[in-house]
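Understanding the architecture of this molecule
Here's the letter readout for the chains.
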Amino acid sequence: MGVRIEKIDLPGIGTRHDIVTENGRRIGVVSHRTGERELGVFDELDPDACRERVHLSEDEALALADVLGASVMLGQLAGIREQAAGLFTEQLLLPATSPFVGGCLGDTKARTLTGTSVVAIVRDSEVIPSPTPQTELQAGDTLIVVGTRPALESLARLLADGTLPG
């Protein structure tokens, strides 16, 4: 059985989307008309009874979406990692103080200088797969990178302060 998503209109409140897991657990997200979000975990024995609710601010909802989206992407990349011994995937945060903020990915010369490949950029709730050298970099971007451990460490330093170790 695949994942099942159910949409329930809540008159005067908003919309609830329930995800029913393979083992029958129900997790709901209520999107209020006011913009508020609630995450609900339903009782295993009574799927109509919400056992616990978590109120999420807009920033918290976006952060949760980012984490879930990035973890799915990294899970898919994990299969590649198993096939390519010595390669790792890592999430590198582009700090606001990076000399590359406001520039383009190509400005980093990441592949040439470190031997790493940037396979995606996560920005807010958007995933930019296979970014080009012309893709603009913004403070807070999360770069999904593939490379050897030393190469990833070199790229992290390069992104942080524009220098390479050694």
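Higher on the page you've got the structure.
So, how was this worked out
As a convention, each chain's residues are numbered from 1 in the sequence order in which they are written. For this predicted model, a pLDDT threshold of at least 70 governs which residues receive local features, and a threshold of 80 or more governs which side-chain atom pairs are given and counted, while totals over whole chains, interfaces and linings are taken from all residues. Hydrogens and waters are ignored; side-chain quantities use all the structure's heavy atoms. To qualify as a helix, a DSSP run of H or I must reach at least 4 residues; to qualify as a strand, a run of E must reach at least 2; elements of each kind are numbered from the N terminus. In this scheme, a residue with accessible area under 20% of its type's maximum is buried, one over 50% is exposed, and one in between is partly exposed, where area comes from a 1.4 Å probe on protein chains only. Whether two residues touch is decided by their heavy atoms; if any such pair falls within 4.5 Å, the residues are in contact. All accessible areas in this document rest on Shrake-Rupley with a 1.4 Å probe, and a residue is counted as covered only by the protein chains that are shown. Any helix carries an expected span of 1.5 Å times its number of residues minus one. In this description, the arc belongs to the directions extending from the helix axis to the C-beta atoms. Following DSSP output, two strands are said to pair if at least two bridges run between them. The axes used here are C-alpha line fits, helices contributing only the stretch in contact, and every angle between their N-to-C directions lies in the interval 0 to 180 degrees. Ring pairs shown here join Phe, Tyr and Trp side chains whose ring centres sit within 6.5 Å, with only the six-membered ring taken for Trp; geometry is labelled stacked below 30 degrees between planes, edge-to-face above 60, and tilted in between. In this analysis the charged atom, NZ for Lys or CZ for Arg, is taken to sit over a ring once it is within 6 Å of the ring centre and within 35 degrees of the ring normal.

In terms of regular secondary structure, the chain is built from 3 helices and 9 strands. Along the chain, helices (α) and strands (β) appear in the sequence β-β-β-β-β-α-β-α-β-β-β-α when read from the amino end. Looking at the chain as a whole, 31% of its 166 residues are labelled buried. Taking contacts inside the chain between residues at least 6 apart in sequence as the whole, the part at least 24 apart equals 43%. Split by element, the accessible area of the chain, about 10200 Å² in all, is 54% carbon and sulfur.

Its 13 residues place the ends of helix α3 (residues 149-161) 19 Å apart at the C-alpha level, agreeing with the 18 Å of an ideal helix rising 1.5 Å per residue. The set of residues buried in α3 consists of Ala151, Leu152, Ser154, Leu155, Leu158 and Leu159. The buried residues of α3 all sit within an arc of 160° when viewed along its axis, so they share a single face. Where α3 is buried, its residues meet β6 (88-93), α2 (110-114) and β9 (142-147). Downstream of α3 by a residue or two, Gly162 has a phi angle that is positive, lying close to 85°.

All right, on to the sheet that holds strand β4 (residues 37-42) then. Pairing is antiparallel in the open sheet, where 5 strands are placed in the order β1-β2-β3-β4-β5. Looking at strand neighbours, the two that pair on one side only are β1 (4-10) and β5 (50-56), the edges of this open sheet. Averaged over all neighbouring strand pairs, the angle between strand axes comes to 20°, with direction disregarded. Here 5 bridges tie strand β3 (residues 26-32) to β4, and the two strands are oriented antiparallel to one another. When the bridges of β4 are listed, Ile27 appears paired with Val41.

Attention shifts here to the packing of aromatic side chains. As enumerated under the stated definition, the model contains 0 aromatic pairs in all. Against the face of Phe88 rests Arg149, its NZ or CZ located 4.5 Å from the ring centre.

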